[in-house]
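# Structural description and commentary
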Amino acid sequence: MSDIIYMDNAATTSLIPEVLEAMMPYLTDCFGSASTIYSIGRQAMDAVDEAREKVADLINARDPEEVYFTSCGSESDNWAIKGACEAYLKKGKHIITTAVEHHAVLDTFDYLKKRGWEITVLPTDNFGRVSPAQVAEAIRPDTVLVSVMHANNEIGTIMPVSEIGKVCAEKGVFFHVDAVQTAGHIKVDVRDINCSALSISAHKFHGPKGVGALYLKKGCICRKFLHGGAQEKNLRAGTHNVAGIVGLGKAAEIAKNEYPAEEIRLSALRDRLIKGISASIKECRLNGDPALRLPNNVNFIFKGIEGESIILFLDMKGICASSGSACTSGSLDPSHVLLAIGLEHEQAHGSLRLTLGRETTDEQIDTVLSELPPIIERLRQMSPLYN
Ligand SMILES: *Cc1c(COP(=O)(O)O)cnc(C)c1O
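Residues numbered from 1 in each chain as written. Predicted model: local features only at pLDDT ≥ 70, side-chain atom pairs only at ≥ 80, totals over all residues. Heavy atoms only, no water.

## Thoughts on the sheet that holds strand S6 (residues 174–178)
- Overall, mixed pairing links the seven strands, which are arranged S2-S8-S7-S6-S5-S3-S4 in an open sheet. Looking at which strands have only one partner, the edges of the open sheet turn out to be strand S2 (67–70) and strand S4 (118–122). Taken pair by pair, the neighbouring strands of this sheet meet at an average axis angle of 20 degrees, ignoring direction.
- As defined by bridge partners, strand S5 (residues 143–149) adjoins S6 across five bridges and the pair is classed as parallel. In the strand pairing of S6, Val-148 is matched with Val-177.
- The strands touched by helix H2 (residues 39–58) within the sheet are S2, strand S7 (197–201) and strand S8 (212–216), with S2 carrying the most contacts at an inclination of about 115 degrees. (Pairing = 2+ DSSP bridges. Helix = DSSP H or I, 4+ residues; strand = E, 2+ residues; numbered from the N terminus. Axes fitted to C-alpha atoms, helices over the stretch in contact; angles between N-to-C directions. Contact = heavy atoms within 4.5 Å.)

Quick look at the structure:
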């Protein structure tokens, strides 16, 4: 692991040793169910409640009771959207989102569309942003929900969610925010954003995989999504993933202390990487907003080559990166995000995403800056698309 240069932190992050240490007792001696009343059960419940406080603290929720534990960011997104649609069905059957959301949101919208909901998918500008005015215009008397991500997982663009939250509050519309890329990385303040619901996921900020949370503002309703036991105030059944939840809490606590400094450190590394790539490789372009972007996100397209092949060549140098194109059922579909910001299919295939993190060093940026240009050069020589 030590030799690997891991630059795919938007996909997942490493587990901080301190987080693992906090989780260990609940994987071993203290294995009791948090729903029981004997002592190892009560200890587990105390640990769950402490984690709830830490998560509430990270996102500045008024009350820890507004935090519900889930199995992942995708579940939080599904629950918020389907749950609000069911709860407010009497109001209408119209919902709004954007063209650059994560599939956990977009596919949920598609699911609802097939079941008779009318959906509006707002186009973005060339940086991947929607404006509060666009949202205001799209809202109708029968609009039940607006779902807009805080920052994009592919191109890093930060959305004006506080302004959109204001619009939704004025019009009395349920506002869901997918903050999976921002929680633990930049300021996420549910009071500032004025949202009804907000999704986060532990493994995106150095917590364990398989645990997330949904913030649900007091007074806002999401119908039950998982039926069964009475856990999570009878809204989300299932024996608590105590160790995972404790890990989420610990990761939230660490992130709250570290992100302000980390944001500054990573932004500088990001900018050096962007400048270096732009200066040393011709015919490339930065995707996403140059200024209003995640501190750890670098995303380029390179003319005439496939992103997938860049990933394979980087891997041979021990560098883990990602491409915008996702390989779905054997066919290479270009990223919906890159298409939404106006790229042609052919261009969208040539993208490279480097997402920095806690372990990223100055030396690693140097290594990438020296390894990448010859790879691009070589791939272009081999490419029939590039002349
Ligand atoms: C990773 C991610 C998700 C899904 O989270 P999981 O915990 O992996 O289910 C949702 N939205 C965004 C923006 C993401 O980056």
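## Let's talk about the site of the ligand
- Within the structure, the ligand sits among 13 residues, and Ser-74, Asp-178, Gln-181, Ser-201 and Lys-204 are positioned closest to it.
- The separation between an oxygen atom of the ligand and a polar side-chain atom of His-203 is 2.9 Å.
- Look at the ligand: alone it shows 390 Å² of surface, and the protein chains cover 89% of it.
- Here the element with the most residues in the shell around the ligand is helix H3 (residues 73–87); it accounts for three residues.
- Of the residues that constitute the shell around the ligand, the class distribution is three nonpolar, seven polar and three charged. (Near = heavy atom within 4 Å. Polar contact = N/O pair within 3.5 Å; in protein donor to acceptor, adjacent residues only side chain to side chain. Areas by Shrake-Rupley, 256 points an atom, 1.4 Å probe, with all protein chains shown as cover. Nonpolar A, V, L, I, M, F, W, Y, C, P; charged D, E, K, R; others polar.)

## Some words on a nonpolar patch on the surface
- Together, Leu-15, Leu-20, Met-24 and Leu-27 make up an exposed nonpolar region whose accessible area comes to about 340 Å².
- What makes Leu-20 partly exposed here is its relative accessible area of 38%. (Patch = residues over 30% accessible without salt bridge, like charges linked within 9 Å, V, L, I, M, F, W, Y side chains within 5 Å. Salt bridge = Lys/Arg side-chain N within 4 Å of Asp/Glu carboxyl O. Buried < 20%, exposed > 50% of the residue type's maximum accessible area, 1.4 Å probe, protein only.)

## Some remarks on the pairing of strand S3 (residues 94–98)
- For S3, the tally of buried residues reaches five of five residues, placing the bulk of the element in the interior.
- Pairing between S3 and S4: five bridges, direction parallel. Counted as the bridge partner of Ile-95 is Ile-119 from S4.
- Pairing analysis gives three bridges linking S3 to S5, with the strands arranged parallel. In the strand pairing of S5, Ile-95 is matched with Leu-145.

## Considerations on the sheet that holds strand S9 (residues 284–286)
- Across the sheet, three strands lie side by side as S9-S10-S14; this open sheet has antiparallel pairing. Of all strands in the sheet, those bounded by a partner on one side alone are S9 and strand S14 (351–355). Sheet twist, expressed as the average angle between the axes of neighbouring strands with direction ignored, equals 25 degrees.
- Relative to S14, strand S10 (residues 297–302) runs antiparallel, the two sharing five bridges. Looking at S14, one finds that Asn-297 is bridged to Thr-355.
- Sitting on the sheet, helix H9 (residues 242–280) is in contact with S9, S10 and S14, with an inclination near 15 degrees to S10.

## A short note on the nonpolar core
- In this structure, Phe-69, Val-146, Phe-175, Leu-198, Phe-205 and Leu-248 are the most contacted members of the largest nonpolar core, which totals 62 residues.
- Tallying contributions element by element places H9 first for this core, with nine residues.
- When residues of this core are assigned to domains, at least three map to each of domain 1 (5–11 + 260–382) and domain 2 (17–254).
- Each residue touching Leu-248, except ones within four places of it in the same chain, is listed here: Val-55, Phe-69, Ile-200, Ala-202, Phe-205, Pro-208, Val-211, Gly-212 and Ala-213.
- Counting residues in each nonpolar core, the second largest holds 28 residues, with Phe-300, Phe-302, Ile-319 and Val-368 among its members. (Core = buried A, V, L, I, M, F, W, Y, C linked by side-chain atoms within 4.5 Å. Domains from an automatic or database assignment.)

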